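Listed below are the residues making up each chain.
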Amino acid sequence: MAQSPDPEAGGGTSLYVHVPFCVVKCGYCDFNSYVVEDRTVHDRFLDALDRELAEVWRGRPVTVFLGGGTPSLLDAERFARLFVVLAKHVDLHACAEVSMEANPESLTVEKARIARAAGVNRASIGVQSFDAAQLRFLDRAHTAEGAERAFAALREAGFENISLDLMFGIPGEMPELWTADLERALTLGPDHLSCYNLTFEPGTRLTHAMQQGRVVPNDEERDRLMFLHTRERLAAAGFVAYEVSNFAGRGGPCRHNDHYWLQGDYVGVGPGASSHRAGVRTTNLKTVDSWARAALDGLPCAASAETLHPAQRAGEALWLGIRRADGVDLARVEARLDWPVRAHFAATIDRQVQAGMIMRVGDRVRLTQAGLLLADRVGSDYLQ
Ligand SMILES: C[S@@+](CC[C@H](N)C(=O)[O-])C[C@H]1O[C@@H](n2cnc3c(N)ncnc32)[C@H](O)[C@@H]1O
Ligand code: SF4
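Residues numbered from 1 in each chain as written. Chains lettered and ligands numbered in written order. Predicted model: local features only at pLDDT ≥ 70, side-chain atom pairs only at ≥ 80, totals over all residues. Heavy atoms only, no water.

**Student:** An account of the overall build of the chain is needed here, citing residue identities and associated values.
**Tutor:** In terms of helices and strands, the chain carries 16 helices and 15 strands. In terms of overall dimensions, the chain is globule-like: its C-alpha atoms have a radius of gyration of 21 Å, near the 21 Å expected for 384 residues. Seen through its C-alpha atoms, the chain measures out along the principal axes to roughly 55 × 50 × 45 Å. The proportion of buried residues among the 384 residues of the chain is 54%. In the chain, once contacts between residues fewer than 6 apart in sequence are set aside, the share between residues at least 24 apart is 71%. Accessible surface for the chain amounts to roughly 16,500 Å². Of this, 53% is attributable to carbon and sulfur atoms. Between the mean site of the 41 positive side-chain charges and the mean site of the 50 negative ones, the chain shows a separation of 2 Å. (Helix = DSSP H or I, 4+ residues; strand = E, 2+ residues; numbered from the N terminus. Rg over C-alpha atoms; globule rule 2.2 N^0.38 Å. Buried < 20%, exposed > 50% of the residue type's maximum accessible area, 1.4 Å probe, protein only. Contact = heavy atoms within 4.5 Å. Areas by Shrake-Rupley, 256 points an atom, 1.4 Å probe, with all protein chains shown as cover. Lys, Arg positive; Asp, Glu negative; His and termini not counted. Charge placed at Lys NZ, Arg CZ, Asp CG, Glu CD.)

Structure representation (structure tokens):
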């Protein structure tokens, strides 16, 4: 049950690099990120990253993803050092896809050039909205014009594959506002779009405000209309909805995320990053300080390791894969995991087919139009 290199037949391991710093902590965000202005902490992060990579990374990754947090927050000198550190351990130029997340307030042409020269060939800008009031509500540190400047900076530096992250379903948002956001995003000519329905994550300031009645979630029906409009409008603009929230234009799908949704092996480095290799999941120490201390002392950065039960692994394959437009090839997962996936989940699959949430096409299961709207709920049924 240990071996599982398939996704989808290419096998291999991807690398995720977590840069845990942000200019502000957005009220809706539960990612492992911190507002740290002290640049000696950034230096310590880079020193520790070097040590962790030396310990845990070998060979050539299928894809690399620099995420966060905000990789572009590092000042130009430290940003350049990030790539010097990475280049010691990974040949980025030999990699099919090297993605980087960037925020408008900190991305400059200089940094975009540094990243491009180092081998980054795909960038994703956290735009969220072009509306000033919405950006304020979300605690974002940038303006609409700032997002447009960041896009232009990436193009100027030679990026041919740029994605934009947008959010809809922000409390009080009317469909017209979302339509305007989407149109302004399309005007830029992005190569990929991620459109997320805002979620209330446990423990965030936004959720706290909702619990106190200071913020009222958007009407579900309104969110549903915005979701459907997104799919129709982006299809008309030539984008392929290859995952519930992700739309491929000229740049094609994000190969890193696709590898992840196909349950490919990956190694995550940085504070709180998790790794998954052949059914074993490890998760790093969460705070910058505890993680860096371990790395610099030559100790393991992982705080926990879990060997997944075959049923858990198969359930996660469905939970992740059902979000893809292609759905899940059950026979393939069964062969990869050497586990009777179809028999084990027969009752759940039948129930979801009966409820009109998924459809079966040969050995594949995929979401129906009704299921798309409830993808999280459909997927989580396999985690029980
Ligand atoms: C965690 S951020 C990291 C990248 C970068 N710092 C940024 O803010 O864009 C990645 C993306 O996740 C999305 N995101 C984060 N929290 C979310 C939430 N509660 N609901 C929906 N989308 C969320 C945002 O669109 C964001 O661009
Ligand atoms: S959404 Fe991005 S910028 Fe905002 S706190 Fe999360 S990681 Fe940082």
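Now that the structure has been shown, the text picks up again.
**Student:** Tell me about helix H5 (residues 144-156), and please be specific about residues and values.
**Tutor:** Every α-helix carries 3.6 residues per turn, so stepping three or four residues along brings you back to the same face. Spanning 13 residues, H5 covers 19 Å between terminal C-alpha atoms, matching the ideal 18 Å at 1.5 Å per step. Looking at the packing, one finds that the buried side of H5 touches helix H3 (109-118), strand S4 (122-128), helix H4 (132-137), strand S5 (162-168) and helix H6 (175-188). Immediately beyond the C-terminal end of H5, within one or two residues, lies Gly158, with a positive phi of roughly 100°. (Expected span 1.5 Å × (residues − 1).)

**Student:** So, the site of ligand 1: which residues are in play, and what are the values?
**Tutor:** The environment of ligand 1 is formed by 17 residues, the closest being Gly69, Asn103, Gln128, Arg140 and Asp165. Within the contact set of ligand 1, a nitrogen atom lies 3.2 Å away from a backbone nitrogen or oxygen of Tyr28. Here a nitrogen atom of ligand 1 sits 3.0 Å away from a polar atom, N or O, in the main chain of Thr199. Burial of ligand 1 by the surrounding chains reaches 91%, relative to a free accessible area of 540 Å². Contributing elements (two or more residues each) for the shell around ligand 1: S4, S5 and strand S6 (192-197). Of the residues in the shell around ligand 1, the class split is 5 nonpolar, 8 polar and 4 charged. (Near = heavy atom within 4 Å. Polar contact = N/O pair within 3.5 Å; in protein donor to acceptor, adjacent residues only side chain to side chain. Nonpolar A, V, L, I, M, F, W, Y, C, P; charged D, E, K, R; others polar.)

**Student:** How would you summarise helix H8 (residues 220-236) if you had to cite specific residues and measurements?
**Tutor:** The end-to-end C-alpha separation of H8 is 24 Å, in line with the 24 Å expected for 17 residues at 1.5 Å each. Within the sequence span of H8, burial applies to Asp223, Met226, Phe227, Leu228, Thr230, Arg231 and Leu234. A positive phi of about 90° marks Gly238, the residue just after H8.

**Student:** For the domain arrangement of the chain, give the residues involved together with the corresponding values.
**Tutor:** By the assigned domains, the chain splits into domain 1 (13-261) and domain 2 (326-383). Computed from C-alpha atoms alone, the centre-to-centre distance between domain 1 and domain 2 is 29 Å. Listed per partner, the contact involves 5 residues of domain 1 and 5 residues of domain 2. Here domain 1 is connected to domain 2 by 0 salt bridges. Applying the counting rule to domain 1 against domain 2 returns 0 residue pairs in polar contact (both at pLDDT 80 or more). (Domains from an automatic or database assignment. Salt bridge = Lys/Arg side-chain N within 4 Å of Asp/Glu carboxyl O.)

**Student:** Which residues make up the site of ligand 2, and what values do they have?
**Tutor:** Near ligand 2 you find Cys22, Val24, Lys25, Cys26, Tyr28, Cys29, Ser33, Gly69, Thr70, Asn103 and Arg140, and these make up its full shell. A breakdown of the residues in the shell around ligand 2 according to their chemical character gives 5 nonpolar, 4 polar and 2 charged.

**Student:** I'd like a description of the environment of Phe247, backed by residues and values.
**Tutor:** Take Phe247: it is sitting in strand S8 (residues 246-248). Look at Phe247 and you get buried, because its relative accessible area is 2%. Distance in space between the C-alpha atoms of Phe247 and Leu225 is 17 Å, their sequence separation being 22 residues.

**Student:** Describe the side chain of His89, and please don't skip the residues or the numbers.
**Tutor:** Locating His89 in the fold gives a position in helix H2 (residues 76-89). When neighbours within four sequence positions are excluded, His89 is seen to be in contact with Asp50, Leu53, Ala54, Trp57 and Gly59.

**Student:** Report on the environment of Asp381, specifying residues and quantitative values.
**Tutor:** For Asp381, the location among the structural elements is in the segment after helix H16 (375-380). Of the residues examined, Asp381 reaches a relative accessible area of 24% and is grouped as partly exposed. Sequence-wise, Asp381 and Arg224 are 157 residues apart; in three dimensions their C-alpha atoms are separated by 21 Å. Aside from chain neighbours lying at most four places away, what touches Asp381 is Thr348, Arg351 and Gln352.

**Student:** Describe the pairing of strand S3 (residues 97-102), and please don't skip the residues or the numbers.
**Tutor:** The buried fraction of S3 is high, at 5 of 6 residues. As defined by bridge partners, strand S2 (residues 63-68) adjoins S3 across 4 bridges and the pair is classed as parallel. Its bridge partner lying in S3, Phe65 is registered against Ser99. Assessed by its sense of winding, the connection that carries the chain from S2 through H2 to S3 is right-handed. Where S3 meets S4, 4 bridges bridge the pair, whose relative direction is parallel. Within S4, the residue paired with Ser99 across the bridge is Arg122. For the segment spanning S3, H3 and S4, crossover handedness is right-handed. (Pairing = 2+ DSSP bridges. Right-handed = clockwise from strand over helix to strand, strands pointing away.)

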